[in-house]
Amino acid sequence: MHGRPRKPLKQEDTSALSAKTQNLRSLQSHFLTNHHNRVYTKEALDVNAKLVENNPEWHTAWNYRKLAVQHFLSGPDSNPDYVKSILDEELRVVESALRKNFKSYGAWHHRKWVLSKGPSSIDNELRLLDAFQKADPRNFHAWNYRRFVTELMKRSDEDELKYTEDVIGANFSNYSAWHNRSILLSNLLKRKAEGYFPEENVLKEEYELVHNAIFTDPDDQSGWFYHLWLIDQTVKIDAPLLVSSWPSHGSSLTLQGNKCLHGSGLSVLNCTLSDVGKFPVILYFSQAVEGINSSTVTVKSEVLTGDLVWKPISTNNSNTAQVWVTYLNIGDIEPQLSETYSLEVSLGHSKGIVSSSGYHYGHPTQISFKLGIQAAYEEPAKGQGEKMASWNDNDFQSIEHYQESEAIFSTDQLTSENDHNQTTSIWCAEAIVKEITEFRELLSESDCKLGKLTLARLLTALDSLPSTYAKKMAHAGEVIELYDDLMKLDPTHSLYYKDKRSLTLLHKITSTRETLLPYCHYYKDATESIAGHVCLRLQNLSLSRIGCIENLLWVQTLDLSHNELQSIEGLEAMQLLSCLNLSHNNFGSFTALAPLRLLTSLKVLNISYNKIGSHSIDTRRYLCSSPLSHTENFAWDRFEILAGSFSATKFWEAFLIFDSLNLTELDIKGNEVADENFRLFLVKVLPSLKWLDGEKLC
């Protein structure tokens, strides 16, 4: 274990082990007989005690002791002294078992259960814990039990915080002590205990404390984890914020014949809506929230024809989500050439929107935009407009003039309303800048990988602060270089660094209109009906993870080809997405494509030249945050009819993905799964399909 080679046992050791095994089997057999016959005599308990002392991890043996205790306590002679003697005996047995193995889950759990039963003395518990923690100061079982005991004793968080400081002072390489300190300090800060407010004064002292550990031994990881927690405490905002929306505040949109839309805040793209007459409104929060409904979010407009229903966009079918969408039913409005309608979306003026961590949304916000409806959109003549979507470089041209981008993207939609307290923001910036200076100095003396990682996190944190205090993504280039260095310095964790690098790069690209424009392109041969069709092209960027979706709600055509993506977690927020290119990535299964099921506007999908079907078993299923599972609402009857004689085990996940889509174009060639049988299956599942793997269907 842990790289230590096994040594062959000597003959005498083998004999001793064999005798011990035989004795244990005899005890187990005797115990199981007593357990099945519900025998709770003193002799039976003695057999059980010997068993748990030899094998403290057998939960059935501990459960038997619980049944025995309950049997004794329910008897007619259950006076206080008798009850105490029973419980004290249990504590003695547990202590004996823990001395054999003080990392036994079952033993610690049983000790908690005994103490929770009543009149046992807890005075001895801290003394016992001290003995165990001296033997192994980082034993997290003992630390968990300590939190349980101190709560029973009503020992103050302040006293326990002082205890962690003493333990860290004796040995700062103690993960559990640092972790316990973070829990205690969180409680004290949350309730603003005396001496622990204002928060910035407390955190300054904590930075000094952890610096002593980090700078003494930069290679020891325990202090670094606590420092990461301190960074999070410095920059985090507890209450949820509305970080973006579609339509964006101040935008103007035009709906052509109740079908196609264009204008500022979306893009200069005209695109047929998937549901004629339904106009989406999207809210993107900083945290997952619940409580979005007509009483907490009001929408005022003369185009409304009925009550609005808000839907959470969540891949795990939860009622809590970062993204919420509703649809305005405007299908009955007669188009007027010069008529413009105003819409106002207001939230935060009443309570009811709550984050998953229990904090209320308390930032009154109003989003106003204009909507015009023009003359009916003319469908292309038969035989026209049937050209398949192309992703070739030659079919695109860059946006040459800055003015042309006015209708594409707005990055400062809600910041003026969402900036938190100015004094707090100034202190946050000063604290982060001070830490950056400290770690630059450390790295000038030592090429420490944890120092580089922490510096990257600090620079990212500084860039995430309101633009009043830091230029947007001013340090992104340096952060990317740090992650490049870390991938070389620490190849074991290169995938983690690559993900962080990808998120930083995307944040840099999407942070301003100037940085985004080079990735926005027109189609050269766009017809009049799709004049100004814009595609966001993020191909060939070595992306292993996608992010910054809050800045991309307006996107309808997205090219993520020739990257290193293994999942598309978060893409479900892009509710306007109509055309998507995911070709030449590293998708290993349909599990990674689960967010596609929520993209109701998706018409064109290219997932060619990936690795789907390369493994008979989906080994990446549980690497995704919301894997497809057998608990899904699965239309087995329809699936069996469509699958017919095809392999059900091969196609059921594909059915879960594609059955909810209304695709007209799909490209899946270059994947192991894409044989002729699978193509025939897709044609059945997707009756709206017109193009498959570049070929027009009859």
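Residues numbered from 1 in each chain as written. Predicted model: local features only at pLDDT ≥ 70, side-chain atom pairs only at ≥ 80, totals over all residues. Heavy atoms only, no water.

Assigned secondary structure in the protein chain consists of 20 helices and 20 strands. In the protein chain, buried positions account for 48% of the 698 residues. For the protein chain, long-range pairs separated by at least 24 residues make up 68% of all intrachain contacts whose partners lie at least 6 apart in sequence. As displayed, the protein chain has an accessible area near 34400 Å², and 49% of this comes from carbon and sulfur atoms. (Helix = DSSP H or I, 4+ residues; strand = E, 2+ residues; numbered from the N terminus. Buried < 20%, exposed > 50% of the residue type's maximum accessible area, 1.4 Å probe, protein only. Contact = heavy atoms within 4.5 Å. Areas by Shrake-Rupley, 256 points an atom, 1.4 Å probe, with all protein chains shown as cover.)

Let's shift gears to helix α5 (residues 105-116). In this model, α5 (twelve residues) spans 17 Å end to end at C-alpha, consistent with the 16 Å of a helix rising 1.5 Å per residue. Taken as a whole, α5 has its buried residues at Gly-106, Ala-107, Trp-108, His-110, Arg-111, Trp-113, Val-114 and Leu-115. If you follow the buried residues of α5, they end up packed against α3 (59-73), α4 (80-100), α6 (123-135) and α7 (140-153). Gly-118, located one to two residues past α5, shows a positive phi value of around 140°. (Expected span 1.5 Å × (residues − 1).)

Moving on to the packing of aromatic side chains. A complete count under the given rule lists 21 aromatic pairs for this structure. Taken together, the ring pairs in this structure connect Phe-102, Trp-108, Phe-132, Tyr-145 and Phe-148 into an aromatic cluster. One residue, Arg-146, lies across the ring of Tyr-163, its end atom 3.6 Å from the ring centre. (Phe/Tyr/Trp six-rings, centres within 6.5 Å; stacked < 30°, edge-to-face > 60°. Lys NZ or Arg CZ within 6 Å of the ring centre and 35° of its normal.)

Pro-198 follows Phe-197 through a cis peptide bond whose omega is 5°. Relative to the elements of secondary structure, Pro-198 occurs in the loop between α9 (175-190) and α10 (199-216). Put simply, Trp-246 and Pro-247 share a cis peptide bond, and its omega is -5°. The residue Pro-247 is located in the loop between β1 (242-246) and β2 (252-256) in this model. Within the chain, Asn-540 stands out as a residue other than glycine whose phi angle is a positive 60°. Relative to the assigned elements, Asn-540 resides in the loop between β14 (534-537) and β15 (557-559). Judged by its relative accessible area of 56%, Asn-540 falls in the exposed class.

Turning our eyes to something else, we now look at α6. Those residues of α6 lying buried are Glu-125, Leu-126, Leu-128, Leu-129, Phe-132 and Gln-133. Down the axis of α6, the smallest arc covering the buried residues is 160°, so these residues share one side. Counted as exposed and oriented over 90 degrees from the buried face of α6: Asp-123, Arg-127, Lys-134 and Ala-135. If you follow the buried residues of α6, they end up packed against α4, α5, α7 and α8 (157-170). (Arc of directions from axis to C-beta.)

Right, let's get into the sheet that holds strand β12 (residues 396-398). Pairing is mixed across the open sheet formed by nine strands, whose spatial order is β12-β13-β14-β15-β16-β17-β18-β19-β20. Of all strands in the sheet, those bounded by a partner on one side alone are β12 and β20 (695-696). Both β14 and β15 contribute to a ladder of two bridges, which runs parallel. What sits directly across from Leu-536, in β15, is Leu-558. (Pairing = 2+ DSSP bridges.)

Looking at the protein chain as a whole, its pLDDT mean stands at 83, while 80% of the residues score no less than 70. Contacts from residues 258-276, a stretch scored under 50 in pLDDT, to residues over four places away or in other chains number 79 contacts. Per-residue pLDDT stays below 50 along residues 402-407; that stretch engages in 15 contacts with residues further than four places along the chain or on separate chains. (pLDDT = per-residue confidence, 0-100.)

Attention now goes to the pattern of salt bridges. What the rule picks out here adds up to 29 salt bridges. We note a salt bridge from Asp-136 to Lys-103, for which the minimum N-O separation is 3.6 Å. With Asp-136 in the loop between α6 and α7 and Lys-103 in the loop between α4 and α5, this residue pair connects regions lying 33 residues apart in the sequence. With a relative accessible area of 45%, Lys-103 lands in the partly exposed category. Arg-181 is paired through a salt bridge with Glu-206; the nearest N and O atoms lie 2.9 Å apart. Here Arg-181 is found in helix α9, whereas its partner Glu-206 is found in helix α10, with 25 residues between them in sequence. One salt-bridge network, held together by shared partners, links Asp-130, Arg-146, Arg-155 and Glu-160. (Salt bridge = Lys/Arg side-chain N within 4 Å of Asp/Glu carboxyl O.)

Packing of α10 against helix α11 (residues 222-235) brings their axes to within 10 Å, and their N-to-C directions diverge by 160°. The pairing of α10 with α11 is recorded here as roughly antiparallel in orientation. For the crossing formed where α10 meets α11, the hand is left-handed. Along its contact with α10, which presents Glu-199, Leu-203, Glu-206, Tyr-207, Val-210, His-211 and Ile-214, the element α11 presents Gly-223, Trp-224, Tyr-226, His-227, Leu-230, Ile-231, Gln-233 and Thr-234. (Axes fitted to C-alpha atoms, helices over the stretch in contact; angles between N-to-C directions. Parallel < 35°, antiparallel > 145°, perpendicular 65-115°, else oblique. Left-handed = near helix turned anticlockwise from the far one by under 90°.)

Position of Leu-580 relative to the elements: it lies in strand β16 (residues 579-581). Residues Leu-580 and Leu-605, spaced 25 residues apart in sequence, show a C-alpha to C-alpha distance of 5.0 Å. When near neighbours in sequence (up to four residues on either side) are disregarded, Leu-580 contacts Trp-391, Leu-558, Leu-571, Leu-596, Leu-602, Val-604, Leu-605 and Asn-606.

Here β1 runs beside strand β5 (residues 278-290); their pairing, made up of four bridges, is antiparallel. Pairing of Trp-246 across the sheet is with Ile-282, part of β5. In this structure, β5 lies alongside strand β8 (residues 321-329), joined through eight bridges in antiparallel fashion. Each residue of the ladder has a partner; that of Leu-283, found in β8, is Trp-324.

Bringing the environment of Val-323 into the picture now. Inspection of the secondary structure assignment puts Val-323 in strand β8. Distance in space between the C-alpha atoms of Val-323 and Ile-313 is 5.4 Å, their sequence separation being ten residues. Those residues in contact with Val-323 that sit more than four places away from it in its chain are Ile-282, Leu-283, Tyr-284, Lys-311, Pro-312, Ile-313 and Ala-573.

Attention now moves to the environment of Leu-161. Note that Leu-161 resides in helix α8. Looking at Leu-161, the relative accessible area reads 5%, which means it is buried. Apart from residues no more than four positions distant in its own chain, Leu-161 is found in contact with Arg-181, Leu-184, Leu-185, Leu-188 and Tyr-196.

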